[in-house]
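For reference, the chains in residue letters:
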Amino acid sequence: MSNPALHLLTYYINTANAANSRRDYADAFKWSKQALALDNAIPEAWYNLGIAEHGRGNQREALQAFLKAQAGSLRSSDAQNSIGLKLLELGAYSEAEQCLKLSISLSPEYAIAHSNLGKLRLQQGRLDEAEACFRTAIRLQPAVAVFYSNLAGTLHEMFRGKEAEELGRRAIELDPRLPQAWCTLGSALASLARDVEAVACFDQALKLDPAYWDAHWNQCLAYLRLRRYEEGWEKFDTRWQIDEFDLKPLTTRKLLWRGQSSNQPLLIWGEQGIGDQILYAGILPELQALPQKKYVALDKRLIPLFQRSMPGFEFFDLRQVNDAIDFAEQLPMGSLPRYFRPTKESFAAARHPYLTADPERTANLRQKLFRIGKRVVGVSWSSSRKNIGHHKSIALEQMLAPLATNQLHFVNLQYGDTVAERLALQDKHGISVQNIDEVDNFNDIDGLAALIQACDIVMTTSNSTAHLAGALGKETLLLLPLGKGKFWYWVEHEGHTPWYPSIRMFAQAQAGQWQEPLEKIRAHIENMQWN
């Protein structure tokens, strides 16, 4: 290539790089294409094109561009690391791993590549390996604050809150202007039930980076756990910015409702899972007095139960909602508390219970569950929640073996295939858990509600069964984990949660240790006055 052409190529690459830096991805795309027209084998141009395509939302094209850059940079540790990080952002884990491992093989002492491999392992849920990567990065460069912050975040995920706190503080000592360090420290403190201190840390993170959505969201959750509801709901809309929820707002041009009385038809639409929809639906009875026509869009499995329980609303399958329905204003369910639960005192307006099981079906199921001289205990023990479900779950054997007596008859309320666990419990301990085949605990929510109502009491971990039992007003013993697996709404007030007064909570004192809460449940059951 002649000198003029080389100068022009360098100009195009530098211009594209500058455009990417200022997030002008259309301009970066144009200049990257100009560079590749001169030399389509130049890895820097493909790298710039990948960033531009990623910024424009073209994930497939970005991936292809980064792979072209990777293939042309096989001898550059720095390039492989940079490309690997971009591939990680795209979720191309296999390709990212290949780049980062190659970067480390080319430069074994390259600390940032070890750290980025740790980020990959963290995303993959391979926490032990992530910890090892971050510790290697710290050994190689012990004065880099972000490495300590990354390790602290990993230990937080491993429910090692005290260690995470120490590492977060070390990161801040090294760089007090690193927002991530303050946010990580705040999360560690929150996991240790030190929410007041956590709020202050999130404040520091947001002073340094006002658009730090994770800090906004974590501070929001801390406010809600502290029952500082007005401050919490003010930040609750940041949930739409958080990757772990993968939330998608309703596609509509209709106006957002602000909680006012109106003559305009209103749509309230469900978000997140069934448990969340049941939780927020506790506010719906307070909308019944409003004059406007009211539509509610839900997971279709909830509709029969809600139609019986809440006259005055028209219910729709959430998947079929569009602007063709006659509504003028709309609001996601998770935004209802902002207008109807602004203070602790506002919970007094709630109606409990607010869901009603089919009485005929309940009576029929009660006959099938009845055992002379025994109390019927419905049990649910597992959560399928992405990333944290296993922290909220307990093995059926671990749950029931300490509680079994000849005065209790257990009934399966758990969704999913439970046959193997129930048979193993029967074979090993002689404990039977009755399964009602006519009720599909996952798809037949109205049937599950009747089954719950037919029990004397429910014992469950934090899952949709807990929400359903609470909304039905069924006396419920709830096993809760320590740390991030304990959601903000399971805040204790006089032994109960204000969202569901019939639920009594039994929480871990140490992460992963169920023995103490199970012992408390056993004592509670022994002291119960059965009706």
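Note that the structure is predicted; figures quoted are calculated from it, not measured.

Caption draft 1: Structural detail: the overall build of the protein chain. Helix and strand counts for the protein chain stand at 24 helices and twelve strands. Residues counted as buried form 52% of the 531 residues belonging to the protein chain. Restricting the contact set of the protein chain to residue pairs at least 6 apart, pairs at least 24 apart contribute 64%. Counting only carbon and sulfur atoms, one obtains 49% of the accessible surface of the protein chain, whose full area is about 24,400 Å². Where the 58 positive side-chain charges of the protein chain centre and where its 60 negative ones centre are 1 Å apart.

Caption draft 2: Spotlight on the sheet that holds strand 8 (residues 433-434). Strand order in this open sheet of seven strands is 8-7-6-9-10-12-11, and the pairing throughout is mixed. Edge strands, defined here as strands with exactly one partner in the open sheet, are strand 8 and strand 11 (496-497). Taken together, the four bridges between strand 6 (residues 375-380) and strand 9 (residues 457-461) define a ladder with parallel strand orientation. Its bridge partner lying in strand 9, Ser380 is registered against Thr460.

Caption draft 3: Layout of the side chain of Glu329. Mapped onto the elements of the fold, Glu329 is located in strand 5 (residues 329-332). The buried charged residue Glu329 lacks any salt bridge partner; its closest oppositely charged side chain belongs to Arg258, at an N-O distance of 7.9 Å. Here the side chain of Glu329 touches Gln260 through a polar contact of 3.0 Å, side chain to side chain.

Caption draft 4: Fine view of the sheet that holds strand 4 (residues 314-317). Strand order in the open sheet formed by five strands is 1-5-2-3-4, with parallel pairing between adjacent strands. The open sheet has two edge strands, strand 1 (255-256) and strand 4, and neither has a second partner. The sheet contact formed by strand 3 (residues 294-298) and strand 4 spans four bridges and is parallel. Residue Ala297 lies in a different strand from strand 4, and its bridge partner there is Phe316.

Caption draft 5: Summary view of the nonpolar core. With 69 residues, the main nonpolar core has Leu284 and Leu287 as its most contacted residues. Considering every element that reaches this core, the biggest residue donor is helix 22 (residues 445-454), with seven residues. With 32 residues, the next largest nonpolar core counts Ala137, Tyr148, Ala164 and Ala188 among its residues.

Caption draft 6: Here's a closer look at the packing of aromatic side chains. All told, the structure shown has 20 aromatic pairs when counted by the stated rule. An angle of 45° between the planes, with centres 5.9 Å apart, marks the rings of Trp240 and Trp269 as tilted. One end of the pair, Trp240, is in the loop between helix 14 (229-234) and strand 1; the other, Trp269, is in strand 2 (residues 266-269), with 29 residues separating them in the sequence. The exposure class of Trp240 is partly exposed, given its relative accessible area of 21%. A relative accessible area of 5% means that Trp269 is categorised as buried. The side chain of Arg56 reaches across the aromatic face of Phe29, ending 4.1 Å from its centre. Between the NZ or CZ atom of Arg301 and the centre of the ring of Phe442, over which it lies, the distance is 4.4 Å.

Caption draft 7: Expanded view of the pairing of strand 10 (residues 476-480). In terms of burial, strand 10 is a largely internal element, five of the five residues being buried. Residues Thr476, Leu478 and Leu480 line one face of strand 10 and the alternating positions Leu477 and Leu479 line the opposite face, and both faces are buried. Direction of pairing for strand 9 relative to strand 10: parallel, over a ladder of four bridges. What sits directly across from Thr460, in strand 10, is Leu478. This β-α-β element, strand 9 to helix 23 (residues 464-472) to strand 10, shows right-handed connectivity.

Caption draft 8: Structural context of the pattern of salt bridges. According to the stated counting rule, one finds 32 salt bridges in the structure shown. The salt bridge involving Glu197 is made with Arg194; its shortest N-O contact spans 2.9 Å. Under the relative-accessibility criterion, Glu197 is labelled partly exposed at 35%. Between Asp317 and Arg319 there is a salt bridge, with the nearest N and O atoms lying 3.4 Å from each other. Looking at Asp317, the relative accessible area reads 10%, which means it is buried.

Caption draft 9: Quick look at the packing of helix 7 (residues 111-123) against helix 8 (residues 127-140). With their axes 8 Å apart at the nearest point, helix 7 and helix 8 run at an angle of 165° to one another. Compared by their axis directions, helix 7 and helix 8 come out roughly antiparallel. For the crossing formed where helix 7 meets helix 8, the hand is left-handed. Contacts from Ala111, His114, Ser115, Leu117, Gly118, Lys119, Arg121 and Leu122 of helix 7 reach helix 8 at Leu127, Glu129, Ala130, Cys133, Phe134, Thr136, Ala137 and Leu140.

Caption draft 10: Up close: the side chain of Ser187. Among the structural elements, Ser187 can be located in helix 11 (residues 179-191). You can call Ser187 buried: its relative accessible area is 13%. Apart from residues no more than four positions distant in its own chain, Ser187 is found in contact with His156, Phe202 and Asn218.

Caption draft 11: Quick look at helix 18 (residues 359-369). Among all positions in helix 18, only Thr362, Leu365 and Leu369 are buried. Down the axis of helix 18, the buried set is contained in an arc of 70°. They therefore lie on one face. Counted as exposed and oriented over 90 degrees from the buried face of helix 18: Glu360 and Gln367. Its buried side turned inward, helix 18 meets strand 6, strand 7 (408-412), strand 8 and helix 22. Where helix 18 begins, the capping side chain belongs to Asp358, and its oxygen is found 3.0 Å from the backbone nitrogen of Glu360.

Caption draft 12: Fine view of a nonpolar patch on the surface. On the surface, a cluster of nonpolar side chains totalling about 260 Å² of accessible area is made up of Leu8, Tyr11 and Leu38. Mapped onto the secondary structure, Tyr11 falls in helix 1 (residues 3-21).

Caption draft 13: The arrangement of unusual backbone geometry in detail. For the peptide bond that leads from His352 to Pro353, omega is -10°, which places it in the cis range. For Pro353, the location among the structural elements is in the loop between helix 17 (336-340) and helix 18. Even without glycine at this site, Arg23 takes up a positive phi of about 65°. Among the structural elements, Arg23 can be located in the loop between helix 1 and helix 2 (25-38). Here Arg23 falls in the exposed class, since its relative accessible area comes to 65%. Positive phi, close to 60°, is recorded for Phe159, a residue that is not glycine. Relative to the assigned elements, Phe159 resides in the loop between helix 9 (145-157) and helix 10 (161-174). By relative accessible area, Phe159 is classed as buried at 18%.

Calculation notes
- Residues numbered from 1 in each chain as written.
- Predicted model: local features only at pLDDT ≥ 70, side-chain atom pairs only at ≥ 80, totals over all residues.
- Heavy atoms only, no water.
- Helix = DSSP H or I, 4+ residues; strand = E, 2+ residues; numbered from the N terminus.
- Buried < 20%, exposed > 50% of the residue type's maximum accessible area, 1.4 Å probe, protein only.
- Contact = heavy atoms within 4.5 Å.
- Areas by Shrake-Rupley, 256 points an atom, 1.4 Å probe, with all protein chains shown as cover.
- Lys, Arg positive; Asp, Glu negative; His and termini not counted.
- Charge placed at Lys NZ, Arg CZ, Asp CG, Glu CD.
- Pairing = 2+ DSSP bridges.
- Salt bridge = Lys/Arg side-chain N within 4 Å of Asp/Glu carboxyl O.
- Polar contact = N/O pair within 3.5 Å; in protein donor to acceptor, adjacent residues only side chain to side chain.
- Core = buried A, V, L, I, M, F, W, Y, C linked by side-chain atoms within 4.5 Å.
- Phe/Tyr/Trp six-rings, centres within 6.5 Å; stacked < 30°, edge-to-face > 60°.
- Lys NZ or Arg CZ within 6 Å of the ring centre and 35° of its normal.
- Right-handed = clockwise from strand over helix to strand, strands pointing away.
- Axes fitted to C-alpha atoms, helices over the stretch in contact; angles between N-to-C directions.
- Parallel < 35°, antiparallel > 145°, perpendicular 65-115°, else oblique.
- Left-handed = near helix turned anticlockwise from the far one by under 90°.
- Arc of directions from axis to C-beta.
- Patch = residues over 30% accessible without salt bridge, like charges linked within 9 Å, V, L, I, M, F, W, Y side chains within 5 Å.

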